[in-house]
Amino acid sequence: MSVRVRIAPSPTGSLHVGNVRSGLFNWLFARHHGGTFILRVDDTDLERCEERYLDEILDGFRWLGLDWDEGVGVGGPHGTYRQSDRFDRYAEVVDGLLASGAAYRCFCTPEELDERRNAAQREGRPPGYDGRCGLLDASEAGSRAASGERHSIRLRMPDEAIEFADLVRGDMAFAPETQDDFVIVRTSGAPTYHLASTVDDVDYEITHVARGEDLLSSTPKHIAIARAMGATPAIYAHLPLLFGPDGKKLSKRHGDTSLRAFREQGFLPEAMFNFMCLLGWSPGNDEEVISRDEAIARFDLDAVQKNSAVFDTKKLEWLNGEYIRALDPEDFIGRVLPELGDLTAEQEAAFRSLAPLVQERTKRLEEAAEQVQFLLVADDGFDYDEASWDKQMTKDFSRPSLDGALGVLEGVGEWDTDSIEAALRTWMEAEELSARKVLQPIRVALTGSAISPPLFESMDALGRESTLARIRRALDAMG
Ligand code: GLU
């Protein structure tokens, strides 16, 4: 049996990291077993689905290098792989289920259902549907429906427990009293997620369904539908949910959880891929840095852990720094350049000269772009960071330091890192001035901030004229 797995996003919002992790684990499983990875779209909810979200989702998977073998955009033997194109197919399945008695029409109104649910709760009985319309005569129900009476369609759940061996959670059993006859077609005629998802899984010959544990309670329903269709249900693997470092379920409270947000903050796809691999799985030792090929070679669904996975952005930042440092310098430059906008040839050269030092010191591309921003602004076109100014430019030593440094720098012959450093250090030693009292004010004068790439290299990259102009500007600003 060749492995066939799928990811089935609903384009009702941005691509959430939880869905990315599910996609990644399915992809790794398919690649490990030489199987097929399918991307289909769960877009039955036409009101909430938007094409722009679908674009963002596809783009996100591509960015991470999770290529799909069949599905939206790439095609395959099963049509468009969009649920919105398959309503006829779902109706055909439902006709079969009605004919066999596996499903039945339900004429209970929402008010009646509410009333009976409340009564059941009061009396300590299970609040699920009581099966009332399952007792109606099928042909009579058919005539009522034909005459236009509003109804939904429910699946008749079996009387025995639904059992399956979950690849992650082990043997699972759902007792019949916890499984009511659930809706597969709404009163509006629209198929529910349970129906559409299962029909797709059956039709696309999905062998394994790996998805978040939040969907565990749906699985007995899906198994029941597959069996009622006369199909063998897929093998299930429920992946542990993602939690923040505070032990709470990952949510907006922990910051933006869309993949796009991480991409915009300058995380590399390689680092993101590596980080997400470790959300519920580990290569079997304490290794944190794992290559794509190695992950494919070692991954398997039955090695996924049951306990919740911690989404720790500190760890992601650390990993990203590792990946940034490992980049070929030219590759690093190529990734930061788009973040910098249009550059003149001079600005680009200045950036390039500082790039290796920035590469050493950065955890995110966005941060790298911030660190070199001072090279791209006019000498009088930037603001001073307030805290940095207060700390460095309002002290007794501030003015004499900058005045003295200006004089020394005016006398530097060849403008390069070594000559700048030698001239300043010789003067500082002679005057017994500490680096803190001299170099920090210069840094603020040149970059607007007390944090910047190494100073002498920064002065070199900035050039003599700008360096002197900025020190003069800072002296003026001191009043
Ligand atoms: N569209 C569903 C979701 O995004 C798919 C769940 C499933 O994998 O069955 O949650």
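Each remark here, short or long, concerns the structure printed above.
**Quick word on the overall build of the protein**
Helix and strand content of the protein: 20 helices and 12 strands. The C-alpha atoms of the protein give 31 Å as radius of gyration, which overshoots the globular expectation for 479 residues (23 Å, by more than 25%). Expressed along its principal axes, the backbone C-alpha trace of the protein runs to roughly 105 × 45 × 40 Å. Evaluated residue by residue, the protein yields a buried proportion of 49% over its 479 residues. Intrachain contacts of the protein at a sequence separation of at least 6 include 76% that bridge at least 24 residues. Of the side-chain charges in the protein, 54 are positive and 84 negative, and the distance between the mean point of each set is 5 Å.

**Considering the site of the ligand**
Around the ligand sit Arg6, Ala8, Ser10, Asp42, Tyr193, Ser197, Arg211 and Leu215, and those are all the residues in its vicinity. At a separation of 2.5 Å, an oxygen atom of the ligand approaches a polar side-chain atom of Arg6. A distance of 2.9 Å separates a nitrogen atom of the ligand from a polar side-chain atom of Ser10. Here the ligand loses 80% of its free accessible area of 290 Å² to cover by the protein chains. Of the residues contributing to the shell around the ligand, the split by class is 3 nonpolar, 2 polar and 3 charged.

**So, a positive patch on the surface**
Among the surface-exposed residues, Lys391, Lys395, Arg436 and Lys437 lie close enough to one another that they form a single positively charged patch. By secondary structure assignment, the location of Lys437 is in helix α18 (residues 435-447).

**Some points on the packing of aromatic side chains**
Each aromatic ring pair is specified by the distance between its two centres and by the angle formed by the two planes. Counting across every chain of the model gives 12 aromatic pairs. Residues Phe275 and Phe311 carry aromatic rings whose centres are separated by 4.9 Å and whose planes lie at 85° to one another, so their mutual orientation is edge-to-face. Note that Phe275 is positioned in helix α9 (residues 269-277) and Phe311 in the loop between β12 (309-310) and α11 (313-326), a separation of 36 residues in sequence. Aromatic pair Tyr384 and Trp389: ring centres 4.6 Å apart, planes at 45°, arrangement tilted.

**A short note on the side chain of Ser466**
Looking at where Ser466 falls in the secondary structure, it is placed in helix α20 (residues 464-478). Side chain to side chain, Ser466 and Asp379 meet in a polar contact 3.0 Å long.

**Some words on the sheet that holds strand β2 (residues 36-39)**
Here 3 strands make up an open sheet; going across it, the order is β1-β2-β3 and the pairing parallel. This sheet does not close on itself; its edge strands, each paired only once, are β1 (4-7) and β3 (70-71). In this structure, β2 lies alongside β3, joined through 2 bridges in parallel fashion. Considered in β3, the bridge of Ile38 is made with Glu70. Packing of helix α1 (residues 17-32) onto the sheet brings it into contact with β1 and β2, and relative to β1 it is tilted by some 165°.

**Describing the nonpolar core**
Membership of the largest hydrophobic core comes to 133 residues, with the highest contact counts inside it found for Leu28, Ile184, Met272, Phe311, Leu424, Ile442 and Met459. It is α1 that contributes the most residues to this core, 8 residues altogether. Those residues in contact with Met272 that sit more than four places away from it in its chain are Val17, Trp63, Leu64, Leu259, Phe262, Phe267, Phe311 and Leu316. One finds Tyr104, Cys106, Cys108 and Leu113 within the second-largest nonpolar core, a separate group that totals 6 residues.

**A word on the environment of Ala99**
With respect to the helices and strands, Ala99 occurs in helix α3 (residues 87-100). Overall, the relative accessible area of 72% leaves Ala99 in the exposed class. Taking the C-alpha atoms as reference points, Ala99 and Tyr193, separated by 94 residues in sequence, lie 21 Å from one another.

**Thoughts on α20**
The terminal C-alpha atoms of α20, which comprises 15 residues, lie 22 Å apart, in line with the 21 Å expected from a rise of 1.5 Å per residue. Taken as a whole, α20 has its buried residues at Ser466, Thr467, Leu468, Arg470, Ile471, Ala474, Leu475 and Met478. Residues of α20 that are buried make contact with α15 (386-393), α16 (398-410), α18 and α19 (455-462). Phi turns positive one or two residues past the end of α20, at Gly479, with a value near 75°.

**Describing the packing of α9 against α11**
At their nearest, the axes of α9 and α11 sit 9 Å apart, and the two run at 135° to each other. Between α9 and α11, the interaxial angle falls into the category oblique. Between α9 and α11 the crossing geometry is right-handed. In contact with Glu270, Ala271, Met272, Asn274 and Phe275 of α9, α11 contributes Lys315, Leu316, Leu319, Asn320 and Tyr323. Residue classes in the contact of α9 with α11 are distributed as 6 nonpolar, 2 polar and 2 charged.

What counts, and where the lines are drawn
Residues numbered from 1 in each chain as written. Predicted model: local features only at pLDDT ≥ 70, side-chain atom pairs only at ≥ 80, totals over all residues. Heavy atoms only, no water. Helix = DSSP H or I, 4+ residues; strand = E, 2+ residues; numbered from the N terminus. Rg over C-alpha atoms; globule rule 2.2 N^0.38 Å. Buried < 20%, exposed > 50% of the residue type's maximum accessible area, 1.4 Å probe, protein only. Contact = heavy atoms within 4.5 Å. Lys, Arg positive; Asp, Glu negative; His and termini not counted. Charge placed at Lys NZ, Arg CZ, Asp CG, Glu CD. Near = heavy atom within 4 Å. Polar contact = N/O pair within 3.5 Å; in protein donor to acceptor, adjacent residues only side chain to side chain. Areas by Shrake-Rupley, 256 points an atom, 1.4 Å probe, with all protein chains shown as cover. Nonpolar A, V, L, I, M, F, W, Y, C, P; charged D, E, K, R; others polar. Patch = residues over 30% accessible without salt bridge, like charges linked within 9 Å, V, L, I, M, F, W, Y side chains within 5 Å. Salt bridge = Lys/Arg side-chain N within 4 Å of Asp/Glu carboxyl O. Phe/Tyr/Trp six-rings, centres within 6.5 Å; stacked < 30°, edge-to-face > 60°. Pairing = 2+ DSSP bridges. Axes fitted to C-alpha atoms, helices over the stretch in contact; angles between N-to-C directions. Core = buried A, V, L, I, M, F, W, Y, C linked by side-chain atoms within 4.5 Å. Expected span 1.5 Å × (residues − 1). Parallel < 35°, antiparallel > 145°, perpendicular 65-115°, else oblique. Left-handed = near helix turned anticlockwise from the far one by under 90°.

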